[in-house]
Amino acid sequence: MANCIVEVQDLVKRYGENIAVDNISFSVSEGDFFGFLGPNGAGKTTTMRILATLLRKTSGSVRIDGFDVDRQANEVRRAIGFAMQDTSLDNLASGYENLQLLGVLYGLSPREARNRAKELIELVGLSKVGGHWVNSYSGGMRRRLDLAGTLMHHPKLLFLDEPTQGLDPQARRMIWDYLRRLNLEGSTVFLTTHYMDEADTLCRDLAFIDRGKIVRQGTPEQLKSEMGGDVISLTFGQNVEMQNVEGKLRTTIGDLGSMTVNDHLIRITSPHAKELVPHLIQDLNAIQSAPLSLSISQASLEDVFVKLVGRSILDDEAQLIKGRDPFVEGRR
Amino acid sequence: MRLFYEIGYLFVRGLKQSMRPTAAIIPSLFMPAFFFIINSAAFAGLTLLPGFGSRSYLVFYAPVAILMAIFFSSGDAGIDMVVDITSGYFDKLMIAPIHHIAIVIGKLLAVGLRASVQTSIVIAIVLLSGGTLVTGFAGFLVILALGCLFGMAWSAIGMSIALLTRNQRATQSSFILFFPFTFITTSQLPLHLLHGWYRVAVQLNPATYILEALRALTNSGWKWDVIGHGFLVALATGIVTISCVMFSFRRTYP
């Protein structure tokens, strides 16, 4: 069995009365591609910042590569690379200058730093613009440079906080390919994301976090198989009375599946999904509430999350956009 | 030994950060030159006041331009720092396995050098406009040293606000401190012509002692007591303000 490179035991982080991380424990094996999933405000970034020595924990124990994050912070820092949620670069310096400074601060000689910067700039496809100031880079180029910066000192463990947030699909795919390659070359990757497809594509192990607590851990396959069947998704128009629809569908499904309702979207998970569909349509027609769309798909990690916490990550996103913090709302 | 390397790299980075883009330096050179040219002409008649003691107001006012150069060159340090903090770059430095003190010292030294460079440019403008430097090249070097020291001390105020507030607007607002510290001094008139509360305020203002030291070096000669007071006040101000930076640093990044 591989050694644990991340060991977290009973970790708690409080901000006054507010508990951001609530007594969580988990571990990550060396060489793993680990995903830490949850909606915004769930405690992902707080946990990662504690693991990366940027934030002090309230209580609990955290060891990275065998070193205690509080007492052996510099040893931990040498072992890790950290790409933050927003790219953190010196905008008034070139790509090369950004990397070279990081290299020397991590203990490389100026010559080593220069060579390593050149190698990484080529690797991330920025050779043509490596000498330009970073403020002229696009979002995708900045993200690639930021990732290159985390690799200057050959870290054993990479922390990536929402590495593809705000990127277009092409840039996302490029980052994914690059991360897979790093992992294959031996780096352990610890990724936080609220994109379930990203976690499903990249991660070998996952932990779901919600409101500061870990609600489930496992491999993507394990978690999806626990759903116990395929998922029927039904979307209804705004004029449909959802209480009637919900009541009717619960009667139709009986004990053949489970159902979650999010606004005008209903998800039904059942091992007999295909057989259920004609009955559902028939009963909905009977109450004159035909859905706008209906689809059957294999269970996704998003479905797992909905089943575990009773709401979608997208619901939390929407609440945040409206200016309400679902975490605080939930505590009221 | 490793600490000195780290300071050196962060000093070079801080210097580049404060000098880029080059066009951004122009206002900090323009303002001292502007005040110097306008005020030395506008208040030229003040030399007719009994007991004023100087025949040329331009010569009397020239050290104010040098003091302003120090203020303007070091005033951006807080902005540079808050930009690093809000962009996450400061966090990137914080998780590097370095002595955290090197981040602050590297920045302070960069500010000091920039203050010296800008001071020397303003001295050139002053001399080209008819100002004097009676202590010659040695005096020039002493002015640069004083500019460097007081520049570091002054920049620490903005850096402390940046660390405590982590807010660009709050840090930028520290600019207003420039006005009382520059103008509640002997910038317009010599001390013996000032009266009442204003005279007391001028004597309490540390910038007055820096200005008088600069005035001695440019106009009067090697007045060691005045120059010594200038350096002592710059040092004392630095001890207080840099301690504030260290305190703010520890408070924000425990």
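A brief report on the enclosed structure follows. Not measured: the values here are computed from a predicted model.

**Regarding the packing of helix α3 (residues 57-74) of chain B against helix α7 (residues 136-165) of chain B**
Residues and elements named next belong to chain B.
Here comes step 1: Look at α3 against α7: their axes get within 9 Å of each other, and the N-to-C directions meet at 45°. Taken together, the axes of α3 and α7 are oblique relative to one another. Read as a crossing pair, α3 and α7 show a hand that is right-handed. Across from I66, I70, F71, S73 and S74 in α3, the residues of α7 making contact are I143, G147, F150, G151, W154 and S155.
Here comes step 2: Of the residues contributing to the contact of α3 with α7, the split by class is 6 nonpolar, 5 polar and no charged.

**Quick look at the sheet that holds strand β12 (residues 258-262) of chain A**
Residues and elements named next belong to chain A.
Here comes step 1: Here we have 4 strands laid out as an open sheet, ordered β12-β13-β11-β14, and antiparallel in their pairing. In this open sheet, the two edge strands, each paired with only one partner strand, are β12 and β14 (293-297). Each neighbouring strand pair of the sheet contributes to a mean axis angle of 15°, computed without reference to strand direction.
Here comes step 2: As paired strands, strand β11 (residues 230-235) and strand β13 (residues 265-270) are joined by 6 bridges and run antiparallel to one another. Among the inter-strand pairings, V231 is bridged to a residue of β13, identified as T269.
Here comes step 3: Against the sheet, helix α9 (residues 242-253) makes contact with β12 and β13, and its axis sits at roughly 170° relative to β12, the strand it touches most.
Here comes step 4: On the sheet, helix α11 (residues 301-309) packs against β11, β12 and β13 and is oriented at approximately 95° with respect to β13.

**Points about the sheet that holds strand β2 (residues 18-29) of chain A**
Residue and element names in this part refer to chain A.
Here comes step 1: The 4 strands are arranged β2-β1-β4-β5 in an open sheet whose pairing can be described as antiparallel. What marks the edges here is a single partner per strand, and that holds for β2 and β5 (67-68).
Here comes step 2: Sheet topology note: the strand β4 (residues 59-64)/β5 ladder contains 2 bridges and is antiparallel. Counted as the bridge partner of I64 is F67 from β5.
Here comes step 3: Strands β1 (4-15), β2 and β4 of the sheet are contacted by helix α1 (residues 44-51), whose axis makes an angle of about 120° with β1.

Thresholds applied
Residues numbered from 1 in each chain as written. Chains lettered and ligands numbered in written order. Predicted model: local features only at pLDDT ≥ 70, side-chain atom pairs only at ≥ 80, totals over all residues. Axes fitted to C-alpha atoms, helices over the stretch in contact; angles between N-to-C directions. Helix = DSSP H or I, 4+ residues; strand = E, 2+ residues; numbered from the N terminus. Parallel < 35°, antiparallel > 145°, perpendicular 65-115°, else oblique. Left-handed = near helix turned anticlockwise from the far one by under 90°. Contact = placed C-beta atoms within 7 Å. Nonpolar A, V, L, I, M, F, W, Y, C, P; charged D, E, K, R; others polar. Pairing = 2+ DSSP bridges.

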